[in-house]
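Each chain is listed here by its residues.
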Amino acid sequence: MQNTVIDAHNISKVYDQGPVAVKAVNNVHLHIEKGEFVALVGPSGSGKTTLLNMIGGLDEPTTGNVVINGVDITKLSSNELIDFRLNNIGFVFQSFNLIPVLTARENIEFIMLLQKVGKEERETRVLKLLEEVGLTDKANAKPGELSGGQQQRVAVARALASKPRFVLADEPTANLDSQSAANLLDIMEKLNREEGMTFVFSTHDQRVIQRARRVITLVDGEVAEDTLQTPLTHAG
Amino acid sequence: MIYLRLAWRNIWRNTRRTLITVASIFFAVILATIMWSMLEGVYGKMIHNIVAFSSGYLQVHKKGYWEEKNIENVFTADTALAKKLSGVENITAVVPRIENFALASTGENTAGVMLLGIDPEKEDNITNLKTKVKNGKYLRSTDNGVMIGKGVARKLRLSVGDTIILLSQGYHASSANGLYKVLGIVSLPSPELDKVMVYMPLATASGLLSLDNHISSWAVMISDAKKLASVKKELLRNIDPTAYEVMDWKELMPDLDQMIQADGSGHKITILVLYLVISFGIFSTVLMMMAERQHEFGIMTAIGMKKRQLAFIVFLETVFITLIGVISGTLASLPITFYLSEHPIQLTGEVRIIYESYGFEPIIAVSTAPVVFFSQARVVLLITLLIGIYPVYKILRMNLMSALRS
Ligand SMILES: Nc1ncnc2c1ncn2[C@@H]1O[C@H](COP(=O)(O)OP(=O)(O)OP(=O)(O)O)[C@@H](O)[C@H]1O
Ligand SMILES: [Mg+2]
């Protein structure tokens, strides 16, 4: 099981603050190997975000364990968890991912500063990542000066900057036009293909789903379907 | 470094809000500093005026003198010791005085007076007593005559050249009486003093009271009223505390001290209110900023920033905003304060008359002592640090999921 990056055992999340307890995620088993390119799909409210947050160590499962690279993250203290996320998991959120006062370059560099990476390595890595996401010319632009698609590309570059084991992206294309969405997927796919980076992303978008190699469908917090498919590569 | 950069840029995200906050601190610091410098200035001058004329900032007596102001409680004027004491840092003068109650009489009228034996030159150096002479002339140390307060002159119907009979109790129960010529009449700032003071050269007083080389006190003048406590300590180190007592003006004139405390507290409350107002200004800025950035804080924590790192940045932001306000406010208050100290506001109306009747310059004195500026800047900084605790606390307690969802 050396290649296992995510191993979720029987995880559930129950919200019981309201009048009725909501089982947002119900007894989910999830096993993801290095190099996978996974789409998490399902109707609104089916538990995609909740599941991603739990395997990303952002939210705690009510029951069950999440084992990442052999570490049961549900056992970590909140400070240990922050360090664990910093060094093992890349995050791309739906929007407002970036620190607004930092430029694209600084946003990418920021995470390496947190990791205390040396200046030289930081700089070469930032340049490489900017190139990979096609934003070399926008290095010194602040998020407010970038389009939504460009911001998401910077977010992907930042997610990769820490050399994580995998990247979690919750609806990364939800706020993008189809061209930008396709473009973002191209970049993620290329990073997956060339560097073997594992991606798990949730989406509603049929065109995005088609690009995945594995599609996990959630319904009412449970895995209804888990299929492999031949991804459609982007034509453009 | 990245913390500083982030904090600095963050405060300029909402330029207008930051500028308004900075401006409120700026004006509050200016106002508070000027008010404080006036407080310090007015009271400093008042203390100096009163203290110099009466007790001196500090007095050295024979131990027990203050309890029982008896002519027996005098001490030998050891010139070597006096010289040593004048050498203490911040001491500008050590002036010998002989003090005793006496009855003054003209034959027709009699009045109780305060007999003060002085070294005329030294006394003038510290009190400018010479300038208070209204009629006649100022004492010389060899004169065998007296100089009396205007009030004494009025009461006893005396004028320059008249003779006065002084009756008192001398050292070791010797009888003390003599005839003295009135050489000068002084107009003293304080009506209370004006009605009772009879000045005499030290040697003359000593002769009258058979004091030999004994005196009642050394009045000590200091260059900086703020150094009172340290000078007192230093004095105590230089004398034999079993033989002498050292008292400062607050002990010598507790009424004056209380009056100043009471009057000053009103102004201090005004300044306090000013500070409260800006505290709420800063606090509301901090609140708004916190509310707007929840999601961002969530993202930063999600990607791997520790809460204490985040809290530090936000704390720095409060510090930056305040520092800009405090530094610019202090800098701006400098020229204003120095101007007011060079061109003081002239008092008018009733207050002017009161000031003049006491012989004070009718101005609002302003202190430009560095402590004025530092104390205000320090208070504002302290407030900010307190306010800065709030975002730190909120961030440390932040719930990641609700931050991310907002
Ligand atoms: N903090 C919460 N408190 C209570 N219920 C919650 C909370 N967060 C999510 N839920 C509930 O949990 C269920 C799953 O929500 P979740 O956000 O994971 O769905 P999702 O699949 O991501 O939906 P969408 O596609 O709309 O983003 C929903 O029924 C939702 O109402
Ligand atoms: Mg969701």
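Residues numbered from 1 in each chain as written. Chains lettered and ligands numbered in written order. Predicted model: local features only at pLDDT ≥ 70, side-chain atom pairs only at ≥ 80, totals over all residues. Heavy atoms only, no water.

Let's talk about the pairing of strand β7 (residues 166-170) of chain A
Residues and elements named next belong to chain A. The element β7 is largely enclosed, with a buried count of five among its five residues. What you see with β7 is no split at all: Phe 166, Leu 168 and Asp 170 on one side and Val 167 and Ala 169 on the other are buried throughout. Across four bridges, strand β6 (residues 89-92) lies against β7 in parallel orientation. Its bridge partner being in β7, Gly 90 is matched across the sheet by Val 167. Summarising the sheet, β7 and strand β8 (residues 198-202) pair through five bridges and their orientation is parallel. Paired with Asp 170 across the two strands is Ser 202, which belongs to β8. With helix α6 (residues 178-195) bridging β7 and the parallel β8, this β-α-β connection has right-handed handedness. (Buried < 20%, exposed > 50% of the residue type's maximum accessible area, 1.4 Å probe, protein only. Helix = DSSP H or I, 4+ residues; strand = E, 2+ residues; numbered from the N terminus. Pairing = 2+ DSSP bridges. Right-handed = clockwise from strand over helix to strand, strands pointing away.)

Let's talk about the interface of chain B and chain A
Taken together, the contact pairs 22 residues of chain B with 26 residues of chain A. Summed over the shared surface of chain B and chain A, the number is three salt bridges. A salt bridge links Glu 106 of chain A to Arg 5 of chain B; the nearest nitrogen and oxygen atoms lie 3.0 Å apart. Between the two partners, chain B and chain A, sit seven residue pairs in polar contact (both at pLDDT 80 or more). Elements with a minimum of two residues in the side of chain B that touches chain A: α1 (2-11), α11 (294-303), α12 (307-342) and α15 (400-405) of chain B. At seven residues, α11 of chain B tops the list of elements feeding residues into the side of chain B that touches chain A. Classifying every residue of the side of chain B that touches chain A gives ten nonpolar, five polar and seven charged. (Contact = heavy atoms within 4.5 Å. Salt bridge = Lys/Arg side-chain N within 4 Å of Asp/Glu carboxyl O. Polar contact = N/O pair within 3.5 Å; in protein donor to acceptor, adjacent residues only side chain to side chain. Nonpolar A, V, L, I, M, F, W, Y, C, P; charged D, E, K, R; others polar.)

Let's talk about the site of ligand 1
Around ligand 1, 14 residues are found, and the nearest of them are Ser 44, Lys 48, Thr 49, Thr 50 and His 204 of chain A. Around ligand 1, the neighbouring residues derive from chains A and B rather than from a single chain. Ser 46 of chain A is positioned such that a nitrogen or oxygen atom in its backbone is 3.2 Å from an oxygen atom of ligand 1. Gly 47 of chain A is positioned such that a nitrogen or oxygen atom in its backbone is 3.0 Å from an oxygen atom of ligand 1. Among the secondary structure elements, those contributing two or more residues to the shell around ligand 1 are β2 (22-33) and α1 (48-55) of chain A. If you tally residues by element for the shell around ligand 1, the top one is α1 of chain A, at three residues. (Near = heavy atom within 4 Å.)

Overview of the pattern of salt bridges
Considering all chains together, one arrives at 28 salt bridges over all chains under this definition. Here Asp 59 of chain A makes a salt bridge to Lys 13 of chain A, at a shortest N to O gap of 3.3 Å. One end of the pair, Asp 59 of chain A, is in the loop between α1 and β4 (63-68); the other, Lys 13 of chain A, is in strand β1 (residues 4-15), with 46 residues separating them in the sequence. Residue Arg 293 of chain B is joined to Glu 296 of chain B by a salt bridge in which the shortest nitrogen-to-oxygen separation is 3.8 Å.

Here's the deal with the packing of aromatic side chains
Throughout the structure, instances matching the rule amount to ten aromatic pairs over all chains. Ring geometry for Tyr 3 of chain B versus Phe 312 of chain B: centroids 5.6 Å apart, planes at 85 degrees, classification edge-to-face. In this pair, Tyr 3 of chain B is assigned in helix α1 and Phe 312 of chain B in helix α12, connecting sequence segments 309 residues apart. You can call Tyr 3 of chain B partly exposed: its relative accessible area is 22%. On the numbers, 5.8 Å between centres and 65 degrees between planes, the contact of Trp 8 of chain B with Trp 12 of chain B is edge-to-face. Since its relative accessible area comes to 28%, Trp 12 of chain B is described here as partly exposed. Following the ring pairs from residue to residue traces out a cluster consisting of Phe 37, Phe 199 and Phe 201 of chain A. Directly above the ring of Trp 66 of chain B sits Lys 69 of chain B, whose terminal nitrogen or CZ lies 4.0 Å from the centroid. (Phe/Tyr/Trp six-rings, centres within 6.5 Å; stacked < 30°, edge-to-face > 60°. Lys NZ or Arg CZ within 6 Å of the ring centre and 35° of its normal.)

Digging into the nonpolar core
In summary, soluble globular proteins display a tendency toward joint burial of nonpolar side chains. Judged by nonpolar contacts, the single largest core of 184 residues is most densely connected at Phe 110 and Phe 201 of chain A together with Ile 148, Ile 164 and Leu 166 of chain B. Residue contributions to this core reach at least three from each of two domains, namely domain 1 (2-49 + 257-405) and domain 2 (58-248) of chain B. Residue contacts for Ile 164 of chain B: discarding those within four places in its chain leaves Ala 104, Ser 105, Val 146, Ile 148, Leu 156, Leu 158, Gly 178, Leu 179, Tyr 180 and Val 182 of chain B. (Core = buried A, V, L, I, M, F, W, Y, C linked by side-chain atoms within 4.5 Å. Domains from an automatic or database assignment.)

Re the packing of helix α2 (residues 15-53) of chain B against α12 of chain B
All names here are of chain B. In the contact formed by α2 and α12, the axes pass within 7 Å of each other and the chain directions differ by 35 degrees. The chirality of how α2 crosses α12 is right-handed. Counted by class, the contact of α2 with α12 contains 13 nonpolar, eleven polar and no charged residues. (Axes fitted to C-alpha atoms, helices over the stretch in contact; angles between N-to-C directions. Left-handed = near helix turned anticlockwise from the far one by under 90°.)

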